[in-house]
Amino acid sequence: MKQFTQYLAGLAGAAALGLGGMAQAQEKEPIHFALLQDFTAVYTFVSTEYNQGQQDYLRMINETGGIDGHPIEPIIRDTANEPQRGLEAYNRARREGAVLVDFFSTPVSRAAVNRVLEDEMVMITALHGRGDASDGETFPYVFPMMATYWSQAAVLAHYIEEHQGGLEGKRIALVHIDSPFGREPLPVLETLAERKGFELRNFPYPSPGTEQSATWSDVRRYRPDHVIIWGAGGGQQVSVREAIRNGIRQEDILSVVWLAETDARNVGSRYMKGVKRFEAVGTGTDHDVLQDIIQYVIEPGLGSGPMENVGSSYYNIGVATMAVSVQAARLALDEFGAPLTGDKLRRGFEMIDGFDARGLMPPVTLTHKDHQGGGYGRVSQWNGAAWEPVTDWFHAYQDIVWEEIEQDAAAFREGR
Amino acid sequence: MFYRLSGIKHTRYVSARALWPIPADRRILYVLGALALLAPVLLSDLYLTSYMLPWLIWTAAALSLTLLMGMAGQLHFGFAAVLAIGAYTSIHLTRAGVPFELALLGAGLSSAVIGSAFGAAALRVKGLYLVMATLSMQYLVEWVIVNVPAISGGAQATLNTPDVRFLFVPLQSDASLYYMALLWTVVVTLLLLNIRRSSFGRALVAVRDKDFAAAVIGVNPVRFKLLAFFVSSFLGGVTGAILAFCYYQAVTPEQFGFNVSIQLVAMVLVGGLGSVIGAYLGAGFVLLLPILLTNLLAGAAQIDWLPISFNLIAHIPLMVYGALIIGVILFEPLGLAKIYDNLRKYFLVWPFRHTQS
C-alpha cells in the first residue's frame, strides 16, 4: 500500500511537472505549516540550519507539484523562545489556517500542549518538548516522531554494551546541563544501571554551560570509563574540550544528538576525532532527498539560506521532519480528501508505516499509541572531517523507555 | 480646554484629594473602563488572548515591581522568581484541593515571606549590591524548582493548572480568564494609586529619597523597607498565580527565567519609574512591541517588499526594538509615562502655552 501510494504520488508529481509545474500546483488550495521557531535567543545554534532544511524541502515539494497538487505554504515567525510570543504566533497561525505547528523550543511547546490538544492542531516536537508525548492516546495531536531523549540515552548505553566492552562493572559519568532537559536521561540510565550492574553518577554544570571547569575536575576524580555529555549549543563544545583536557579519551565521549559540524570546527576538527554522538537522521548530501533538493531548489537558486549548510546535521533533521509531515499530509489527503484539517493530518501521521525518506532516516512507524516512531537512531563518530556512522539504525530498551513515557503521561492525565 | 480646569472648585478635602480630581481624567477613565469591559465582545479571540490578556497580567506584575522599585527605591532583579513562587504555590495548593480564592492568598503569602527574607538583605545593602542580592534570589529559586521534582512536577518539569472556579465562576472560557486578569489588574492599580497618597506611601518615598533622612523625621527605614518587599512580593505572588491560571495554564521553570526578570525591570524603567500609567505603557512596550514588529516585517516579507533572508527578518525587530529603547531613554529619560504627562499638561492649558503662575 505504502509503495503504491508513493508510486501514485510520484506519478502525480511527474504529471504535474509535465503539465506545467507550478501552474497546476497553484490551482489547489494551499496547505499551511506553521514553523514558529526561535531564531534570536536560545536555539540559534540549531534553528537557522534546521529551518533552512524545512523550507528547502517544502520548496522542493512545491517545485515538483506539491502534495497531490496542493502547494505548502510555510508560516515562519520568530518566537525568541518566549512562551507568550509563541502563543501569539500560534493563535495567529491558527487563524491563517495552519494545520501543523513546529515550535522547536521546549518551553514554548510545553506551554502550547493543552492548546493544541484542544484546538486539534498537529504539533511536531522532534528532538524537543515532552518525551511522554510519545503516548499517542494521551497526546493525540503531539508527534515527537523521532527518538526521545530517553531513547537516545538507551541507544548510547546499548552502544557501550555492544561495542565498547559491555556495561557491567563500568563507571559511567553523565555530565549534563542543570536544567530539566539535562536531567531527562537520568531515570532511564538509573534503571539501566540497576539492571546491567554499572555505576552511574551525574555531574550537572550550571546553565548556559560556558563555564564547566569545576564540574570536570570532579569528573576527573571519578575516573569514569565512559562519559555521556548532555547539553546543547555552546555548552557542548566546552564539554568536549574540557573532557579531553581532563584526560578522557575521545572514543569514550558520547553525546546526545546536539553535537554537529560547527561544534567540531570550534573544538578543532582533528582534536575532536573519535568523539561519538547519537544520530537521528543521516548527515551529508549523499541521499536521494538531498539530491532532489539540490536539483530543484539549490541549483535554480531558490534555496532559503547559505549553500554550505545544505546537508549539515541540523539541516537534514529539518528536512526529515518535513519529509514525515508531508508524507502524513499526503496519506491524509489520499484517504480523507481535501481540505486538510488537523484531525485528518493527525490520522495521516498515524498511518505512516516504515517511512524512511528514501534512506535519510531510520524507518518510522507511527501508530495511534506510539507517536515516537520506534525510538530508532544510530551512533556516529567524528572522523576529523565528517560524522561517520559506526552502527546501523537500531533501538534499545524500549521497555524502560515506555515505562517512563507511560508514567509521565499518566501524571499528565491526572493533572488536567 | 480638553482638561478644562476653570469652574472646577474643590470645596471639600474629599473632592480635592480624589484619585482623579479633574473631570476630563475621569471621563477618559470611564471610556477606557468601558472598552476594557467590552473587550471580549469587541476583540477577536486572537487579540483578546494573545495581546490584551498577557498585557494586563504583565502590567499587574510591573505594577507590583513599581511599588518596590519606583516608590520604595529598592532595586529588584529577581522578580520573576517572586512570580514563580506564586505560580507554583497556587498550583500545588489547588491540586491539594484548596479553593482557588484561598490558593491565591497562599500564593501571595508564600511569595511575600520568601521575598521579604531575601529583601532583608536590603536592610544592609543598597544600589548595585542589592541588585546582586536579588539576583541570587532569582537563581536560588530557579535552582530549587528545577532540582526538586516535587515542586517542578517530575521529569517533564511541567505542571498543568487544574480547572478552578473563582467566586463560583468556572475559569475556562477566554472571557472569564480575561475578566479574572482584568479584575486583579484593576485591584492592583487602585491599590497602588491609593498607597501613593497614604502615609505608608509617603513613608516609602521618604525611604527612597534618603533612608537616614527618613529615620531622622521618624520613619523607621527597616520596617518600611521590609514592608515594601512584603507588599510587593505579595502582589507579585498573586500575579504569578494569575499568570499561571489565566494565561499559561501549564507552568515550567523556563517561564520564570532571568530574562523575564530583566523584562520586568525594563517595563518599569521604560514606562517611567514609580508611575502607575507607566507600568501599563511599559508592559505594552516591552511585551507587545517585539510581536508587532515581527508581524509587520513578516507581512512585508510576504508581499515581497523585503527580499532578504528569513534569518535577517527575524533579527531586524531586535535592532528596531533596541533603537526604540535608546530613543525613549534619550528623548524622555523619565519614561513613557512622562511623555503622556507632557501631553496632558499641554492640553490642560491649551490653547495657551503655559499658565500664568
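Counting from 1, residues in each chain are numbered in the order their sequence is written. Throughout, the order in which chains and ligands are written sets their labels, letters from A for the former and numbers from 1 for the latter. With the structure being a predicted model, the display of local features is reserved for residues of pLDDT at least 70 and the display and counting of side-chain atom pairs for 80 or more, all residues being used for whole-chain, interface and lining totals. Note that water and hydrogens are dropped before the side-chain values are worked out from all heavy atoms of the structure.

Asker: I'm lost on the nonpolar core in this one. Help?
Answerer: Nonpolar side chains in soluble globular proteins tend to be buried together. We define the nonpolar core as a collection of buried residues of types Ala, Val, Leu, Ile, Met, Phe, Trp, Tyr and Cys that are connected through side-chain atoms lying within 4.5 Å of one another. Burial status follows relative accessibility: with a 1.4 Å probe on protein chains alone, a residue under 20% of its type maximum counts as buried, one over 50% as exposed, and anything between as partly exposed. One finds F33(A), Y57(A), W258(A), F349(A) and W58(B) to be the most contacted residues of the largest nonpolar core, which totals 232 residues. Two domains each put at least three residues into this core: domain 1 (2-147 + 283-375) and domain 2 (149-279 + 379-415) of chain A. Whether two residues are in contact is decided by their heavy atoms, any of which lying within 4.5 Å being enough. Ignoring anything within four residues of it in the chain, the contact list for F33(A) reads L58(A), I72(A), E73(A), P74(A), I75(A), V99(A), L100(A), M322(A), S325(A), V326(A) and A329(A). If you look at the next biggest cluster of nonpolar residues, it comprises seven residues, including A36(B), L48(B), L56(B) and L182(B). Delimitation of the domains relies on an automatic or database domain assignment.

Asker: What exactly am I supposed to notice about the packing of helix 9 (residues 199-209) of chain B against helix 11 (residues 221-248) of chain B here?
Answerer: Describing two packed helices takes the angle between their axes plus the distance from one axis to the other. Residues and elements named next belong to chain B. Here an angle of 0 to 180 degrees is reported between the N-to-C directions of two axes, which are lines fitted to C-alpha atoms, with helices fitted over the stretch in contact. Strands are runs of DSSP state E lasting at least 2 residues, helices are runs of H or I lasting at least 4, and numbering of each runs from the N terminus. The N-to-C vectors of helix 9 and helix 11 enclose an angle of 110°; their axes lie 10 Å apart at closest approach. Taken together, the axis directions place helix 9 and helix 11 in an arrangement best described as roughly perpendicular. Seen from above, helix 9 lies across helix 11 with left-handed handedness. In contact with F200, A203, L204 and V207 of helix 9, helix 11 contributes P221, F224, K225, L227, A228 and V231. Note on terminology: angles under 35 degrees are roughly parallel, angles over 145 are roughly antiparallel, angles of 65 to 115 are roughly perpendicular, and the others are oblique. Take the far helix as your reference; a near helix turned counterclockwise from it by less than a right angle gives a left-handed crossing, and one turned clockwise gives a right-handed crossing.

Asker: What is the right way to read the interface of chain A and chain B from this model?
Answerer: Put simply, an interface is often sized by how much accessible area is lost when its parts join up. Across the boundary between the two partners, chain A contributes 37 residues, which contact 39 residues of chain B. Together, the buried faces of chain A and chain B total about 3,500 Å²; carbon and sulfur atoms form 51% of this surface. For this analysis, a salt bridge means a side-chain nitrogen from Lys or Arg found within 4 Å of a carboxyl oxygen belonging to Asp or Glu. Run the count over chain A and chain B and you get one salt bridge. Between R94(A) and D45(B) there is a salt bridge, and its shortest N-O distance comes to 3.8 Å. Here's the idea: put two parts together, see how much 1.4 Å probe accessible area each one loses, and the total over both is what we call buried area.

Asker: Please clarify how the sheet that holds strand 4 (residues 122-124) of chain A should be interpreted in this entry.
Answerer: Two pairing modes exist for strands in a sheet, parallel and antiparallel, and in both the strands are linked by backbone hydrogen bonds. Residues and elements named next belong to chain A. As summarised here, the arrangement of the five strands in space is 2-1-3-4-5, forming an open sheet in which the pairing is parallel. The open sheet has two edge strands with one neighbour each: strand 2 (72-78) and strand 5 (142-143). Should DSSP find at least two bridges between two strands, the strands are regarded as paired. Pairing geometry for strand 4 and strand 5, over two bridges, is parallel. By the bridge assignment, M123 is partnered in strand 5 with V142. Where helix 13 (residues 313-336) meets the sheet, it contacts strand 1 (31-37), strand 2, strand 3 (98-102) and strand 4, and its direction lies at approximately 155° from that of strand 1. The sheet strands contacting helix 14 (residues 342-350) are strand 3, strand 4 and strand 5, and the helix crosses strand 4 at an angle near 45°.

Asker: In this structure, what is going on with helix 5 (residues 106-119) of chain A? I would like to understand it.
Answerer: An α-helical segment advances 3.6 residues per turn. Residues three or four places apart therefore align on the same side. Residues and elements named next belong to chain A. Here a helix's expected span is defined as the number of its residues, less one, multiplied by 1.5 Å. If you check helix 5, its first and last C-alpha atoms are 19 Å apart, about what 14 residues at 1.5 Å a residue would give, namely 20 Å. Along helix 5, the sharpest change in direction is near 45° and occurs at A112. Where burial is concerned, most of helix 5 is hidden: 12 out of the 14 residues are buried. Of all the residues in helix 5, the buried ones are T106, P107, V108, S109, R110, A111, A112, V113, N114, R115, V116 and L117. Polar contact is defined as a pair of N or O atoms within 3.5 Å, subject to the rule that within protein one atom must be able to donate a hydrogen and the other to accept it, and that residues adjacent in sequence are counted only when both atoms are side-chain atoms. In this structure S105 caps helix 5, since a side-chain oxygen of it lies 3.3 Å from the backbone nitrogen of V108. Following helix 5 by one or two positions, E120 has its phi on the positive side, about 55°. Think of it this way: the bend at a residue is just the angle between two axes, each fitted to seven residues, one set ending at that residue and the other starting at it.

Asker: Would you mind going over the domain arrangement of chain A with me for this structure?
Answerer: All names here are of chain A. Entries for chain A in the domain assignment read domain 1 (2-147 + 283-375) and domain 2 (149-279 + 379-415). Relative placement of domain 1 and domain 2: their C-alpha centres are 28 Å apart. At the interface, 32 residues of domain 1 touch 32 residues of domain 2. Summed over both sides, the interface between domain 1 and domain 2 buries roughly 2,300 Å², with carbon and sulfur atoms accounting for 61% of that surface. Scanning the region where domain 1 abuts domain 2 turns up two salt bridges.

Asker: What is the right way to look at the sheet that holds strand 6 (residues 171-177) of chain A in this model?
Answerer: Residue and element names in this part refer to chain A. One open sheet holds the seven strands; their spatial order is 7-6-8-9-10-11-12, and the pairing between them is mixed. Each having just a single partner strand, strand 7 (199-205) and strand 12 (387-389) make up the two edges of the open sheet. Taking each pair of neighbouring strands and ignoring which way they run, the sheet shows an average axis angle of 30°. As defined by bridge partners, strand 6 adjoins strand 8 (residues 226-230) across five bridges and the pair is classed as parallel. Bridging across to strand 8, A173 finds its partner in V227. Lying on the sheet, helix 8 (residues 186-196) is in contact with strand 6, strand 7 and strand 8; it crosses strand 7 at an angle near 160°.

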